[in-house]
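# Notes for the structure review
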Amino acid sequence: MVPFFRAANCFSSAEDTLSALDEIGKDKAVGLALIECSNGLSSIRRDQLTEPAIEWVSELSSFLDYSGLEVPKDQGGIPTKAATLTAAEVGRIAELVKNLQRWFSAENSKGM
């Protein structure tokens, strides 16, 4: 099995979700996209990454970190974090998602 197949698919889904930001709302779209990113990253070991993906994953991980936030009982940590993000941060997330989706897809193609 190619190690980046799942990550490529998750990041593709995250990219699609972010492109529907205006249709489904910022908080929901960003929350769902970040959950997809988290799922995609959970399927890979960090030692499988090379530059620039290492830096992109590190930066994206900061957007996935919701420590320090008070998470309501009826809401998860990632959706709570999504609601705190500025438009500039959402733009940066979209850029990171796009870059990582392309990187994972390219690496996935190498294994085929």
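Remember, predicted model here, so these are calculated numbers, not experimental data.

## Considerations on helix α1 (residues 5-19)
Between its first and last C-alpha, α1 extends 21 Å over 15 residues, near the 21 Å set by a 1.5 Å rise per residue. By the burial criterion, the buried members of α1 are A7, A8, C10, F11, A14, T17 and L18. Buried residues along α1 sit against α2 (21-24), α3 (26-42), α4 (53-64) and α6 (87-110).

## Some details on the side chain of T80
With respect to the helices and strands, T80 occurs in helix α5 (residues 77-82). A distance of 2.8 Å separates the side chain of T80 from the backbone oxygen of G76, its partner in a polar contact. With near-sequence residues (within four places) excluded, T80 lies in contact with L69, E70, V71, P72 and Q75.

## Here we look at the packing of α4 against α6
Closest axis-to-axis distance for the α4/α6 pair is 10 Å, and the angle between their directions is 140 degrees. Regarding the angle of α4 to α6, the classification is oblique. You can see that α4 and α6 cross each other, and the crossing is left-handed. Residues A53, W56, V57, E59, L60 and F63 of α4 form the contact with α6, whose own contacting residues are E89, R92, I93, L96, N99, L100 and W103. Each residue belonging to the contact of α4 with α6 can be placed in one class, and the counts come to nine nonpolar, one polar and three charged.

## Remarks on the environment of F104
Note that F104 resides in helix α6. For F104, a relative accessible area of 0% puts it in the buried group. Measuring from C-alpha to C-alpha, the distance between F104 and F4 comes to 5.7 Å, with 100 residues separating the pair along the chain. Setting aside its immediate chain neighbours within four residues, F104 contacts F4, A7, A8, F11, L41, I44 and L49.

## Thoughts on the pattern of salt bridges
Applying the stated criterion to the full structure yields five salt bridges. One salt bridge in this structure joins K26 and D27, with 2.9 Å as the shortest N-O distance. Accessibility expressed as a relative area gives 27% for K26, which makes it partly exposed. A single network of salt bridges, built from pairs that share partners, joins E59, R92 and E95.

## Quick word on the confidence of the model for the protein
The predicted model of the protein averages 93 in pLDDT, with 96% of residues at 70 or higher. The secondary-structure element of the protein with the lowest mean pLDDT is α2, recorded at 94, while α4 shows the highest, at 97.

## Details of the environment of F11
Following the sequence through the fold, F11 ends up in helix α1. Separated by 22 residues in the primary sequence, F11 and A33 place their C-alpha atoms 8.0 Å from one another. Each residue touching F11, except ones within four places of it in the same chain, is listed here: C37, G40, L41, L60, V97, L100, Q101 and F104.

The rules behind these values
Residues numbered from 1 in each chain as written. Predicted model: local features only at pLDDT ≥ 70, side-chain atom pairs only at ≥ 80, totals over all residues. Heavy atoms only, no water. Helix = DSSP H or I, 4+ residues; strand = E, 2+ residues; numbered from the N terminus. Expected span 1.5 Å × (residues − 1). Buried < 20%, exposed > 50% of the residue type's maximum accessible area, 1.4 Å probe, protein only. Contact = heavy atoms within 4.5 Å. Polar contact = N/O pair within 3.5 Å; in protein donor to acceptor, adjacent residues only side chain to side chain. Axes fitted to C-alpha atoms, helices over the stretch in contact; angles between N-to-C directions. Parallel < 35°, antiparallel > 145°, perpendicular 65-115°, else oblique. Left-handed = near helix turned anticlockwise from the far one by under 90°. Nonpolar A, V, L, I, M, F, W, Y, C, P; charged D, E, K, R; others polar. Salt bridge = Lys/Arg side-chain N within 4 Å of Asp/Glu carboxyl O. pLDDT = per-residue confidence, 0-100.

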